[in-house]
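# Structure at a glance
Chain residues, written in single-letter form:
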Amino acid sequence: MTEDRRVSVSPIIHPITPERWDDLVLVFGRRALDPDSCWCQRFRDHDDTSNRNALHDEVERAVVPIGLLAYVDGRPVGWARVAPRATLPGILKNRALRRVLDDDPSAWWVTCFVILPEYRGMGVGPALLRGAGEHARGNGASVIDGHRVDVKNLQAKRVSGSALFTGTVATFESAGFREIGRTCPSRPVMRLDL
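The text that follows walks through the structure, step by step, so that each part is easy to find. As the structure is a computational prediction, the values presented were derived from the model and not from experiment.

On to the pattern of salt bridges. In total, this model carries ten salt bridges according to the counting rule given. Across the salt bridge formed by Glu118 and Arg75, the nearest N and O atoms sit 2.9 Å from each other. Pair noted here: Glu118 is in the loop between β4 (107-115) and α5 (124-138) and Arg75 is in strand β3 (residues 75-84), with a separation of 43 residues, a long-range link. Looking at Glu118, the relative accessible area reads 40%, which means it is partly exposed.

What follows is the structure, given as structure tokens:
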């Protein structure tokens, strides 16, 4: 049996800008071939012809970058969408989340992660979260929240990587987030006070 000996890496984190769009596409890997895959649009409303176009348009128009890219040795290896909660109607309209969240116009939200498979478990997620905290704080956020997966409380014996796109409790705890409530046994809302 082969033991997985992943080592930690120290990614460099950069905000997404129009000049970094091609790097973001590389991080999406095979999913980049499908313009209608999620492309971090699950919590948004848009009128674009595809989810890919919607994210591209957001990146192009954003005054404040809507996410962060992680680089290892100059290679883009990870992405996290982080933006003001008020810009994400899917969060605002969710009844279960409304029971947990306070009405804070300066709150930000981490919606999702994409990390290249060969870099998972190597510290890219926590580095993106630390960068998200700095990015949000630097842009006036009071807190940054996210709706995570508590893998210990999932019913399934095996969890696919695609089910973990919002991140895990362990990843968020390692970046200093704390639980503020749950929408169900396996879905805590985690918060970092800024």
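Located in the positive-phi region is Trp39, a residue other than glycine, with phi close to 50°. Residue Cys40 is not a glycine yet carries a positive backbone phi of 60°. Within the secondary structure, Cys40 is located in the loop between α1 (21-28) and α2 (51-61).

With the rule as written, the count across this model stands at four aromatic pairs. Centre to centre, the rings of Phe113 and Phe172 are 5.9 Å apart; their planes meet at 85°, and the pair counts as edge-to-face. Taken together, the residues Phe113 in strand β4 and Phe172 in helix α6 (residues 169-174) connect sequence positions 59 residues apart. Taking relative accessible area as the criterion, Phe113 reaches 10% and is therefore assigned buried. For Phe172, a relative accessible area of 0% gives the class buried.

Residue placement: Arg98 occurs in helix α4 (residues 95-100). The class of Arg98 is partly exposed, set by a relative accessible area of 47%. Each C-alpha atom, one on Arg98 and one on Ser186, is 17 Å from the other, the two residues being 88 residues apart in sequence. Excluding residues that lie within four positions of it along the chain, Arg98 makes contacts with Leu92 and Lys93.

What counts and how
Every residue gets a number counted from 1 within its own chain, in the order that chain's sequence is written. Since the coordinates come from a predicted model, pLDDT governs what is reported: local features require at least 70, and pairs of side-chain atoms require 80 or more to be given and counted, while whole-chain, interface and lining totals use all residues. Only hydrogens and water are set aside when side-chain values are computed; all heavy atoms of the structure are taken into account. The term salt bridge refers to a side-chain nitrogen of Lys or Arg lying within 4 Å of a carboxyl oxygen of Asp or Glu. Counting from the N terminus, the helices are DSSP H or I runs at least four residues long and the strands are E runs at least two residues long. For every residue, the accessible area (1.4 Å probe, protein chains only) is compared with the maximum for its type, and the residue is labelled buried under 20%, exposed over 50%, or partly exposed between those bounds. Within 6.5 Å between ring centres, the rings of Phe, Tyr and Trp (the latter by its six-membered ring) count as paired, and their orientation is classed by plane angle as stacked under 30 degrees, edge-to-face over 60, tilted in between. It only takes one pair of heavy atoms within 4.5 Å for two residues to be counted as in contact.

Limitation: the analysis is restricted to geometry and does not speak to function.
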